[in-house]
Amino acid sequence: MGDILFRSTVHAERLCFTQEPQAVVRFPGTGKRESTSHSDRTHLPDSVTPGQEYQDVTVAYCFATRLTREPEAGRSGDDDTDG
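Model, not experiment: these values are computed from the prediction.

A. Quick peek at unusual backbone geometry. Backbone geometry places histidine 43, a non-glycine residue, at a positive phi of 65 degrees. Within the secondary structure layout, histidine 43 lies in the loop between strand E2 (33–42) and strand E3 (53–67). At aspartate 56, a residue that is not glycine, the phi angle is positive and equals roughly 55 degrees. Along the chain, aspartate 56 falls in strand E3. On the basis of relative accessibility, which here comes to 42%, the residue aspartate 56 falls in the partly exposed class.

B. Highlighting the side chain of arginine 33. With respect to the helices and strands, arginine 33 occurs in strand E2. Within the local environment of arginine 33, its side chain forms a polar contact with the backbone oxygen of glycine 31, the two atoms lying 2.7 Å apart.

C. A look at the side chain of threonine 65. Along the chain, the position of threonine 65 falls in strand E3. In terms of polar contacts, threonine 65 uses its side chain to reach the side chain of serine 35, at 2.8 Å.

D. View of the sheet that holds E3. Within the open sheet, the three strands sit side by side as E1-E3-E2. Their pairing is antiparallel. Lying at the two open borders of the sheet, with one neighbouring strand each, are strand E1 (4–16) and E2. For this sheet, the mean angle separating the axes of adjacent strands, direction not counted, is 10 degrees. In this sheet, E3 lies alongside E2 in antiparallel orientation, the contact comprising 10 bridges. Within the sheet, the bridge partner assigned to arginine 33 lies in E3 and is leucine 67.

Procedures and definitions
Residues numbered from 1 in each chain as written. Predicted model: local features only at pLDDT ≥ 70, side-chain atom pairs only at ≥ 80, totals over all residues. Heavy atoms only, no water. Helix = DSSP H or I, 4+ residues; strand = E, 2+ residues; numbered from the N terminus. Buried < 20%, exposed > 50% of the residue type's maximum accessible area, 1.4 Å probe, protein only. Polar contact = N/O pair within 3.5 Å; in protein donor to acceptor, adjacent residues only side chain to side chain. Pairing = 2+ DSSP bridges. Axes fitted to C-alpha atoms, helices over the stretch in contact; angles between N-to-C directions.

As C-alpha cells, this is what we get:
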C-alpha cells in the first residue's frame, strides 16, 4: 500500500525517558485516504517507564498512506482523519 511510504530504523546503546512520550500520527490534508503505521521494537516495551534505562534498543517504524479519491473541489485545510 502507499503513494507515500516512509521507513526508518534507529538504534541506541542506552535510552532513558524523563517522561512518558506522547506520540501522535496524523495524515493531514484533504481527500479520503487509506493509512497505516507500525513499529517493531527490540528491548523497548510499548509503554516505557520514565527514569528506567533501556539498553541495546532498536525501533523500526513504517507508515504508508494513499489517496482513495480526489480531494473535493474548493476544500483546503487540515482534515486529520485517517481514512
